[in-house]
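Reading the structure
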Amino acid sequence: MKILDSNLGIETLDVRVTGRVQGVGFRAATVRQAHLLKVTGWVRNAADGSVEALIQGSPEQVDRMLSWLHRGPASARVAEVTHSENHTERHFDNFQQI
């Protein structure tokens, strides 16, 4: 972990995805997509059946990742994606499933 320099143009979002998103390979597919887009952060299942993620990257990278999260993998049925800005100073080195 590194401290994030606020002048780098890096955006960090907390994301929640609802619908049929657990038990369908959503997290593994999210990790693959994040690696393709060079987004950092993490993804995990939430107790309420949703999937939570923290995504970090340039505004363009984050927008592309959000667009993908609205679809998810073919086996998922995304109902809603909500997000909020996260004002962390933490800089993630990679994207992982936790």
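Along each chain, residues carry numbers from 1 onward, in the same order as the chain's sequence is written. Residue-level local features of this predicted model are given only where pLDDT is at least 70; pairs of side-chain atoms are given and counted only at 80 or more, and the full residue set underlies all totals for whole chains, interfaces and linings. Values reported for side chains reflect all heavy atoms of the structure, with hydrogen atoms and water molecules removed beforehand.

**Some points on the pattern of salt bridges**
In what follows, salt bridge is the name for a side-chain nitrogen of Lys or Arg lying within 4 Å of a carboxyl oxygen of Asp or Glu. Scanning the entire structure with this criterion turns up 3 salt bridges. The partner of Arg44 in a salt bridge is Glu52, and the shortest N-O contact between them spans 2.7 Å. The class of Arg44 is partly exposed, set by a relative accessible area of 32%. Three or more residues joined by partner-sharing salt bridges are found here, namely Arg16, Arg44, Asp48 and Glu52. For every residue, the accessible area obtained with a 1.4 Å probe (protein chains only) is divided by the maximum for its type, and the residue is called buried under 20%, exposed over 50%, and partly exposed between those limits.

**A look at helix α1 (residues 26-37)**
Every helix listed is a DSSP run of H or I at least four residues long, and every strand listed is a run of E at least two residues long, numbered separately from the N terminus. A helix is expected to span 1.5 Å multiplied by its residue count minus one. Helix length check: α1, at 12 residues, gives a terminal C-alpha distance of 16 Å against a target of 16 Å (1.5 Å per residue), a fit within 8%. Of all the residues in α1, the buried ones are Phe26, Ala29, Thr30, Val31, Gln33, Ala34 and Leu37. The contact criterion used throughout is that any non-hydrogen atoms of two residues lie within 4.5 Å. Buried residues in α1 make contact with β2 (11-20), β3 (40-45), β4 (51-57), α2 (59-71), β5 (77-85) and β7 (95-97). Residue Lys38 follows α1 closely and has a positive phi angle near 60 degrees.

**As for unusual backbone geometry**
Backbone geometry places Lys38, a non-glycine residue, at a positive phi of 60 degrees. For Lys38, the location among the structural elements is in the loop between α1 and β3. By relative accessible area, Lys38 is classed as exposed at 63%.

**Examining the UniProt feature "domain: Acylphosphatase-like" (unreviewed entry) in the chain**
UniProt positions are given in the numbering used here, feature names are shortened, and annotations may be inferred rather than shown by experiment. Per the UniProt entry, the sites bearing "domain: Acylphosphatase-like" (unreviewed entry) are residues 12-98 in this numbering. Overall, residues 12-98 shows 29% helix and 41% strand. The separation of its end C-alpha atoms is 17 Å.

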